[in-house]
Amino acid sequence: MAKKNAKGTPDVTTKAPTRQMWRRSVVVLVVLVGFCFSAIVGRLAVLQIVQTDEWQQRAVSQQLSDSIISPKRGTIYDTNMNPLAQSATVWTVIMSPKDIPDDETRTKIADELSVLLDVDRDKLLEQTQKTNSQYEVVKAKIELPLRDSLAQWVQDNELTGVFRTIEDYKRYYPNNDMLSTVLGFTGTDNYGLYGLEAYYEETLAGKAGRIVTAKNGWGDEMPNELKYEKTVDAEDGNSLVLTIDSVIQRYAEKYLANAVKETGCTNRGAAIVMNVKTGAILAMATEGGFDLNNPMEITDPDAQALIAELSGDEQSEAIIQARQEQWVNKPISDFYEPGSVFKVISSFAPALDSCGATLGTVYYDSQYTVNEKTIRNWYSAGYLGYHNIREGIVYSMNVIASRCLMETVTPQLGIEYAENMGISTLVSSDITPAAALGGLTYGVTNLELTSAFAAIANGGMYTEPVFFTRILDHNGKILIDNTPETRRVLKDSTAFLLTDSMADSVVSGKIYAREGASVSPTSIAANLPNMSTAGKSGTTTANNDIWFVGYTPYYTAGIWGGCDNNQKLTSVNGGTSFHKRIWRSIMTRVHEGLSDPGFTVPDSVETAQICRKSGKLAIPDVCSADPRGDAVYTEYFAKGTVPTEMCDHHVRATICTVSGGAATEFCPEETRVSQTCMTVPDDGISTDDSVFALPAPCTVHSSAGTSTIINPNGTFGTTPMGPGYIPPAGNGADSGTSGQGSYYTPGQLS
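Residues numbered from 1 in each chain as written. Predicted model: local features only at pLDDT ≥ 70, side-chain atom pairs only at ≥ 80, totals over all residues. Heavy atoms only, no water.

> How should I be thinking about the overall build of the protein chain in this particular structure?
Along the protein chain, the regular secondary structure elements total 19 helices and 25 strands. Counting over 750 residues, the protein chain shows a buried share of 48%. Of all intrachain contacts in the protein chain linking residues separated by at least 6 positions in sequence, the fraction that spans at least 24 positions is 72%. Here the protein chain displays about 36,000 Å² of accessible surface, and carbon together with sulfur accounts for 51% of that area. (Helix = DSSP H or I, 4+ residues; strand = E, 2+ residues; numbered from the N terminus. Buried < 20%, exposed > 50% of the residue type's maximum accessible area, 1.4 Å probe, protein only. Contact = heavy atoms within 4.5 Å. Areas by Shrake-Rupley, 256 points an atom, 1.4 Å probe, with all protein chains shown as cover.)

Printed below as a string of structure tokens:
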């Protein structure tokens, strides 16, 4: 218990702090100070090291006003230096509200200038009331007449210290809709949004300049006497010189448009014209373009009608879709099945180039089924028996192409050749028998298909297609001289053999067969007067897409026709032959004034006479005596590939004229004739060759001594074979012809 003092209160003893307590306090204080100091140092480190750029930017934004000076965008020229896209000078109107003397003037500016410049009056009045500002954008990109009117108004109202104009640029397309889907367009900020304008944005754009102006602590511009302003000039963009020839481009667009007008279809055509030697794209046209100076306007009348019937979100979505569709550059963006055009690339080119085949190599045109798919020819003449690769190209024979791919080439090799010739859209699922007839997963683009044929036209040398020749700086100095890459994809002999065959496809003629089984070349409508021409047509199943890709010694052109939504082509919406007329019309104009040098025969090619029914050397007086006419002709061969064996499809036999059978020892001498017959596969299918097959022995004459038996039906005693002879159904060697043509349906690949 605590002691009490005299006053009766407890006696409390207070001890002074010990040395240990002082030490503890000091330690705690040091720790606290150190912690705070570390926190401050850490924060400073973050501000000064980690966040340096951010805080510098904040400081600059508070102290300086930064205005952008637009660079002049580079010009896009055609190959002859005619401008296709250029930047015209416009002006941006700047107002200094700080220099407006009174409210009456502010109201006058809002009332009158809003009308002159077509801007919102209330917004302009609000801008005039920013009395601390010396930089307000009133309107951007006014053109020269309006700028002159503004200058006169400013002078009349003594407001020269309030308004000024800054030079700017606006993209302008002098040819309006020409080459629209290729060139594309820019936005209001001169940034490329579509086509070449977007693809070469970095080249064309240039580098923006700046006007830097000091601001005071309140964010307003400094008074004129203290004003600080620095200008960094813009660097103009580089210019692009295209390979496009405006004259040829106009031809392409004109004849596409004419075809649309004649057939009543819309947005259903695309064309490319290339230089055979250089790979230069001279024209790339799409029917269904737009005005480059007003790209948001929808030009397709069908789309306009559809949009007019909609409202709200549906209408907005339809407008977006219609714009995107009209901006698409079909020749490079859209994929289409190539149909029979692809036969040349996937089947016949590799067969000739690396598989030992020749133009005379024959395949049997008869019923042919592969992977449970029966191949049908496009014509209704029935099966035609042995025909060679040349005829397979000229008459677009589906069975011949399919058998060539499957029996000589293989789908794997066919697709490899197509890829090497520039077709980039192929996938592993395309390695099928359907590749022979252009049945592909995704299809091909017009650009790549035309470029592949240009390689054939160029003697087997593939040249990467090019769109521009040079890039120029703003002073016209050449920065880049564009040289395309080339590579050999076919032997020059292969290229010529294909060319010579495709040249036959544009010339009138008839396939070697009986008159009643006549088939004509598929591309006669594309033949050019006074100019060597070669090419291949194609029509996909059910007539969804039609193609013609062809060339001369100068140019290659590819035409596609079809419907955007893959509708069938019928007589109502264009038919299936207008593409050849387009090709002929364009190429006729393009070649005006040019001489015809012909297709050069390379030293690697020679000729020999062969039998067209075997592809081998003709048997004298046998192959030439085929009942349908002389089967011997002169063919081109790559040197070293001329056949050495004799024909094994023609035989000379003695026939009894009474029975039509092979004469026996019992047939009288006067009934015996020597005749050329065919040896054909014993597949039970009637073909044009099987009509002339070596018949069975005569059954009319026998050993009984009777020299002639008269048939009560009177059908014997006539010549059963001969040029143009078609036996009646169910009689003689042509028994079973009722099945001819039974595998044909409209819209087959051709």
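> Hey, could you run me through the nonpolar core in this one?
Here is a general trend for soluble globular proteins: nonpolar side chains tend to be buried in one another's company. Counting 67 residues, the largest nonpolar core has Leu384, Ile389, Phe453, Ile456, Leu498 and Met502 as its most contacted members. By residue number, the principal contributor to this core is helix 13 (residues 341–354), which donates 8 residues. Setting aside its immediate chain neighbours within four residues, methionine 502 contacts Val344, Ile393, Phe453, Ile456, Thr533, Ala534, Gly535, Lys536 and Tyr551. Among the nonpolar cores identified, the runner-up in size contains 28 residues, and Ile248, Leu256, Ala280 and Tyr555 belong to it. (Core = buried A, V, L, I, M, F, W, Y, C linked by side-chain atoms within 4.5 Å.)

> Got a minute to help me understand unusual backbone geometry in this structure?
Among all residues except glycine, the phi angle is most often negative; among peptide bonds, the trans geometry is most common. The backbone phi angle of methionine 81 is positive, close to 65 degrees, even though this residue is not glycine. With respect to the secondary-structure elements, methionine 81 resides in the loop between strand 2 (76–77) and strand 3 (83–95). Residues other than glycine seldom take positive phi values, yet aspartate 621 does so here, at roughly 65 degrees. Within the fold, aspartate 621 resides in the loop between strand 22 (605–611) and strand 23 (632–638).

> Looking at this model, I keep getting lost on the sheet that holds strand 10 (residues 281–286). Mind explaining?
The strands making up a sheet associate through backbone hydrogen bonding, with each pair oriented either parallel or antiparallel. Spatial strand order, 10-9-21-20-19: 5 strands in an open sheet with antiparallel pairing. Two strands lie at the open edges of the sheet, namely strand 10 and strand 19 (534–539), each paired on one side alone. Each adjacent strand pair in this sheet contributes to an overall mean axis angle of 5 degrees, direction not counted. In the sheet, strand 9 (residues 269–275) pairs with strand 21 (residues 555–562) via 7 bridges, with the strands oriented antiparallel. (Pairing = 2+ DSSP bridges. Axes fitted to C-alpha atoms, helices over the stretch in contact; angles between N-to-C directions.)

> Can you walk me through the pattern of salt bridges in this structure?
Pairing between side chains becomes possible if they bear opposite charge and their charged atoms approach one another. Taken as a whole and assessed by the stated rule, the structure comprises 26 salt bridges. With a closest N to O distance of 2.9 Å, aspartate 648 and lysine 616 form a salt bridge. Of this pair, aspartate 648 sits in the loop between strand 23 and strand 24 (650–656) while lysine 616 is found in the loop between strand 22 and strand 23, placing the two residues 32 residues apart along the sequence. Take aspartate 648: its relative accessible area is 39%, and that puts it in the partly exposed class. Bridged by salt links that share partners, the residues Arg514, Lys613, Asp626, Arg628, Asp688 and Asp689 form one connected network. (Salt bridge = Lys/Arg side-chain N within 4 Å of Asp/Glu carboxyl O.)

> Sorry, what's going on with the packing of aromatic side chains here?
Centre distance and the angle of the planes are the two values used to describe a pair of aromatic rings. Scanning all chains against the criterion turns up 15 aromatic pairs. Between the aromatic rings of phenylalanine 185 and tyrosine 194, the centroid separation amounts to 6.0 Å while the plane-to-plane angle is 5 degrees, which identifies the pairing as stacked. Ring centres of tyrosine 551 and phenylalanine 599 lie 5.9 Å apart, and the angle between their planes is 75 degrees; on these two criteria the pair is classed as edge-to-face. Here tyrosine 551, found in strand 20 (residues 545–551), pairs with phenylalanine 599, found in the loop between helix 19 (578–590) and strand 22; they are 48 residues apart in sequence, far enough to count as distant. Within the aromatic cluster, the residues linked to one another by ring pairs are Phe185, Tyr194, Phe290 and Trp327. (Phe/Tyr/Trp six-rings, centres within 6.5 Å; stacked < 30°, edge-to-face > 60°.)

> What is the right way to look at the packing of helix 13 against helix 17 (residues 446–457) in this model?
Packed helix pairs are specified by the crossing angle of their axes together with the interaxial distance, meaning the distance between the axes. One way to put it is that helix 13 packs onto helix 17 with a least axis distance of 11 Å and a crossing angle of 60 degrees. Between helix 13 and helix 17, the interaxial angle falls into the category oblique. Along this stretch, helix 13 crosses helix 17, giving a crossing that reads as left-handed. Taking contact as the criterion, the partners of Val341, Val344 and Ile345 in helix 13 are, on helix 17, Leu449, Ala452, Phe453 and Ile456. Classifying every residue of the contact of helix 13 with helix 17 gives 7 nonpolar, no polar and no charged. (Parallel < 35°, antiparallel > 145°, perpendicular 65-115°, else oblique. Left-handed = near helix turned anticlockwise from the far one by under 90°. Nonpolar A, V, L, I, M, F, W, Y, C, P; charged D, E, K, R; others polar.)

> Looking at this structure, I do not really get the layout of surface pockets. What am I missing?
The rolling of a water-molecule-sized probe over the atoms marks out the regions of remaining empty space. Taken as a whole, the second largest pocket holds about 420 Å³ of empty space. The wall of the second largest pocket is formed by 19 residues, among which Lys170, Arg171, Thr186, Gly187 and Asn293 lie closest to the centre. Mapped onto the lining of the second largest pocket, the elements with two or more residues apiece are strand 3 and strand 5 (163–172). Here the lining of the second largest pocket is composed, by residue class, of 9 nonpolar, 6 polar and 4 charged. (1 Å grid on protein atoms, 1.4 Å probe; cavity = no way out; pocket = protein on both sides within 12 Å on 5 of 7 lines; lining within 4 Å. Points joined across faces, edges and corners; volume = space filled by probe spheres on them.)

> What exactly am I supposed to notice about helix 19 here?
Each α-helix winds once per 3.6 residues, and so residues spaced three or four apart point in a common direction. In this model helix 19 runs 18 Å from its N-terminal to its C-terminal C-alpha over 13 residues, within 8% of the 18 Å that 1.5 Å per residue would give. Phe578, His579, Lys580, Ile582, Trp583, Ile586, Met587 and Val590 are the residues of helix 19 that are buried. (Expected span 1.5 Å × (residues − 1).)

> Mind showing me how you'd approach helix 5 (residues 144–156) here?
Between its first and last C-alpha, helix 5 extends 18 Å over 13 residues, near the 18 Å set by a 1.5 Å rise per residue. Of all the residues in helix 5, the buried ones are Leu150, Trp153 and Val154. For helix 5, the angular spread of the buried residues around the axis is 100 degrees, confining them to a single face. Facing away from the buried side of helix 5 by more than 90 degrees, the exposed set consists of Pro145, Gln155 and Asp156. Elements in contact with the buried residues of helix 5: strand 3, helix 3 (103–117), strand 4 (136–142) and strand 5. Taken from the residues just after helix 5, glutamate 158 is the one with a positive phi, measuring 55 degrees. (Arc of directions from axis to C-beta.)

> Whenever I open this one, the confidence of the model for the protein chain confuses me. Can you help?
If pLDDT is low for a region, its predicted coordinates should not be looked at in detail. In the predicted model, the protein chain carries a mean pLDDT of 85, and 82% of its residues have values of at least 70. Low confidence marks residues 704–750, where pLDDT is under 50. Its contacts with residues over four positions away, or in another chain, come to 87 contacts. (pLDDT = per-residue confidence, 0-100.)

> Just to check I follow, could you spell out the side chain of serine 451 for this structure?
When you line up the elements, serine 451 lands in helix 17. The residues contacting serine 451, other than those within four sequence positions of it, are Met274, Tyr462 and Pro465.

> What am I meant to see in the packing of helix 13 against helix 18 (residues 492–504) here?
Remark: helix 13 packs on helix 18, axes separated minimally by 9 Å, with the N-to-C direction vectors making an angle of 130 degrees. The orientation of helix 13 with respect to helix 18, classified from their angle, is oblique. Here the hand of the crossing between helix 13 and helix 18 comes out right-handed. Contacts from Val344, Phe348, Ala349, Leu352 and Asp353 in helix 13 reach Thr494, Leu497, Leu498 and Met502 in helix 18.

> Can you walk me through the state of the cysteines in this structure?
Chemically, a disulfide is nothing more than a covalent bond linking the sulfur atoms of two cysteines. All chains considered together, the criterion is met by 0 disulfides. No disulfide involves cysteine 623; its nearest neighbouring cysteine sulfur is the one of cysteine 611, lying 3.6 Å away. Judged by its relative accessible area of 0%, cysteine 623 falls in the buried class. (Disulfide = S-S within 2.5 Å.)

> Any chance you could explain the environment of threonine 699 here in plain terms?
For threonine 699, the position within the fold is in the segment after strand 25 (672–678). The class of threonine 699 is exposed, set by a relative accessible area of 71%. Separated by 43 residues in the primary sequence, threonine 699 and cysteine 656 place their C-alpha atoms 9.7 Å from one another.

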